[in-house]
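Breakdown of the fold
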Amino acid sequence: MLSGQLVRRLFSMAGRVCLSRSSAGLGTIGPVEAAIRTKLEQALNPEVLELRNESGGHAVPPGSETHFRVAVVSSRFEGLSPLQRHRLVHAALSEELAGPVHALAIQARTPAQWKENPQLDMSPPCLGGNKKTRGTP
């Protein structure tokens, strides 16, 4: 039999949407991606958390966890400027940003803003990481 506390937690979680999208399409979640998800859930209690590992589209070894895009929808963002919202995300992920994560694109929205445009933006293609591949002498 499930305890009342566990049942309440399950119903609370059922109302939120959490997705993970790997650019490689493998569906596997690595340790950095798992840490990002956990820390954002704990810090911001998001209604929607979409996380995409975009490392596969960059000049990094296969299986890397260095480039991410995240959409975080939280009532904690109400009344905050975009800069203040990004600071909350950065504070939650300070360890990852100081180490393995090289790039983090953030969409930090209120629930009302998400209802107007409920999708995770796409990042432009990587240009290779050096001037030679970008056509610059």
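Residues numbered from 1 in each chain as written. Predicted model: local features only at pLDDT ≥ 70, side-chain atom pairs only at ≥ 80, totals over all residues. Heavy atoms only, no water.

Going by an unreviewed UniProt entry, the chain carries the name BolA-like protein 1 and comes from Neovison vison. The record in UniProt for the chain states the following under Function (unreviewed entry): "Acts as a mitochondrial iron-sulfur (Fe-S) cluster assembly factor that facilitates (Fe-S) cluster insertion into a subset of mitochondrial proteins. Probably acts together with the monothiol glutaredoxin GLRX5. May protect cells against oxidative stress." UniProt's Sequence similarities (unreviewed entry) comment on the chain is quoted here verbatim: "Belongs to the BolA/IbaG family." (UniProt positions renumbered as here; feature names shortened; annotations may be inferred.)

We now examine the pattern of salt bridges. Across all of its chains, the model carries four salt bridges by this definition. Of the charged contacts in the structure, one is a salt bridge between Lys39 and Glu95, with a shortest N-O distance of 3.2 Å. Residue Lys39 is located in helix α2 (residues 31–44), and its partner Glu95 is located in helix α4 (residues 94–98); the two are separated by 56 residues in the primary sequence. In this structure, Arg52 and Glu54 form a salt bridge, with 3.4 Å as the shortest nitrogen-oxygen distance. Both residues of the pair, Arg52 and Glu54, belong to the buried class. Each member of the salt-bridge network shares a partner with another, and the members are Lys39, Glu95 and Glu96. (Salt bridge = Lys/Arg side-chain N within 4 Å of Asp/Glu carboxyl O. Helix = DSSP H or I, 4+ residues; strand = E, 2+ residues; numbered from the N terminus. Buried < 20%, exposed > 50% of the residue type's maximum accessible area, 1.4 Å probe, protein only.)

Moving on: the nonpolar core. Core analysis: the biggest nonpolar cluster contains 17 residues, and Ile36, Leu40, Phe68, Val70, Val72, Val89 and Leu104 have the highest contact counts within it. Only α2, β2 (48–53), β3 (67–73), α3 (82–92) and β4 (103–109) provide two or more residues apiece to this core. With near-sequence residues (within four places) excluded, Leu104 lies in contact with Phe68, Val70, Val89, Leu93 and Leu97. In this structure, Val48, Ala71, Val73 and Trp114 belong to the second largest nonpolar core, which totals five residues. (Core = buried A, V, L, I, M, F, W, Y, C linked by side-chain atoms within 4.5 Å. Contact = heavy atoms within 4.5 Å.)

Positive phi values are uncommon outside glycine, yet Asn45 reaches one of about 45°. Note that Asn45 resides in the loop between α2 and β2. Under the relative-accessibility criterion, Asn45 is labelled partly exposed at 49%.

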